[in-house]
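# Structural overview for review
Here is how the chains run, residue by residue.
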Amino acid sequence: MQITEFLNVFLEIYTVGCAFILIFLIGQIVLLMYRIDREMLKAKLFLNEAVLERTWMYISIAGAAFALNVVVKFITNLTVWGAGLSKYYMYEITQIIFLASFIVAVHSWYVFINSFSRPKKQ
């Protein structure tokens with residue numbers, strides 16, 4: 001019983017921490033987008049395929065974890081296999097994987113944009 005309560009508290013704190021990180025990184029990206037040259041962004045993105053590949057990979061992992069999370073929640077709540085599946089904490093694990101991979105994807109994009117941000121020439 002105590003491990004379930006600990007896991008629930010940990011997951012809530014982890015989720016809130018991830019939300020703050022995502023809000024901060026996405027806010028920074030939005031602010032940087034106003035200060036960079038769009039043509040330079042397009043050119044560097046075209047020349048640097050690794051950024052697109054990494055972003056695509058992390059977003060794909062996040063999407064798969066999200067889909068698995070929904071399926072696990074459905075199975076846990078509405079089927080007879082739910083009790084057996086819930087003891088493996090699959091719902092919590094998929095939520096952690098989703099948030100971690102989404103943060104890594106946003107951070108990768110932030111590092112890419114921040115690497116060449118200079119004030120726009122007016």
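So, here's what we can say about the structure.

A few words on the overall build of the protein chain. Along the protein chain, the regular secondary structure elements total five helices and zero strands. Along the chain direction, N to C, the helices and strands of the protein chain fall in the order α-α-α-α-α. In terms of C-alpha radius of gyration, the protein chain reaches 19 Å, well past the compact-globule figure of 14 Å for 122 residues. Viewed in the frame of its principal axes, the protein chain has a C-alpha envelope of about 65 × 25 × 20 Å. For the protein chain, long-range pairs separated by at least 24 residues make up 85% of all intrachain contacts whose partners lie at least 6 apart in sequence. Carbon and sulfur atoms form 71% of the exposed surface of the protein chain, whose accessible area is close to 8,800 Å².

Here we come to a nonpolar patch on the surface. Together, Met-57, Ile-61, Ile-93 and Ile-97 line one region of the surface with nonpolar side chains, adding up to about 320 Å² of accessible area. Within the residue set of the nonpolar patch, elements represented by two or more residues are helix H3 (49–78) and helix H5 (90–114). In this fold, Met-57 is placed in helix H3. Take Met-57: its relative accessible area is 41%, and that puts it in the partly exposed class.

Taken as a whole, this structure holds five aromatic pairs when the rule is applied. Their ring planes at 25° and their centres at 5.9 Å tell us that Phe-10 and Tyr-14 sit as a pair that is stacked. Here the residue Phe-10 and the residue Tyr-14 both occupy positions in helix H1 (residues 2–35), the gap between them amounting to four residues, near one helical turn. With a centroid separation of 5.9 Å and 15° between ring planes, the pair formed by Phe-98 and Phe-102 is classed as stacked. Of this pair, Phe-98 and Phe-102 both sit in helix H5, four residues apart, which is roughly one turn of that helix. Residue Phe-102 is classed as partly exposed on the basis of its relative accessible area, which comes to 27%. Cluster of aromatic residues (ring-pair linked, three or more members): Phe-6, Phe-10 and Tyr-14.

Rules behind the numbers
Residues numbered from 1 in each chain as written. Predicted model: local features only at pLDDT ≥ 70, side-chain atom pairs only at ≥ 80, totals over all residues. Heavy atoms only, no water. Helix = DSSP H or I, 4+ residues; strand = E, 2+ residues; numbered from the N terminus. Rg over C-alpha atoms; globule rule 2.2 N^0.38 Å. Contact = heavy atoms within 4.5 Å. Areas by Shrake-Rupley, 256 points an atom, 1.4 Å probe, with all protein chains shown as cover. Patch = residues over 30% accessible without salt bridge, like charges linked within 9 Å, V, L, I, M, F, W, Y side chains within 5 Å. Salt bridge = Lys/Arg side-chain N within 4 Å of Asp/Glu carboxyl O. Buried < 20%, exposed > 50% of the residue type's maximum accessible area, 1.4 Å probe, protein only. Phe/Tyr/Trp six-rings, centres within 6.5 Å; stacked < 30°, edge-to-face > 60°.

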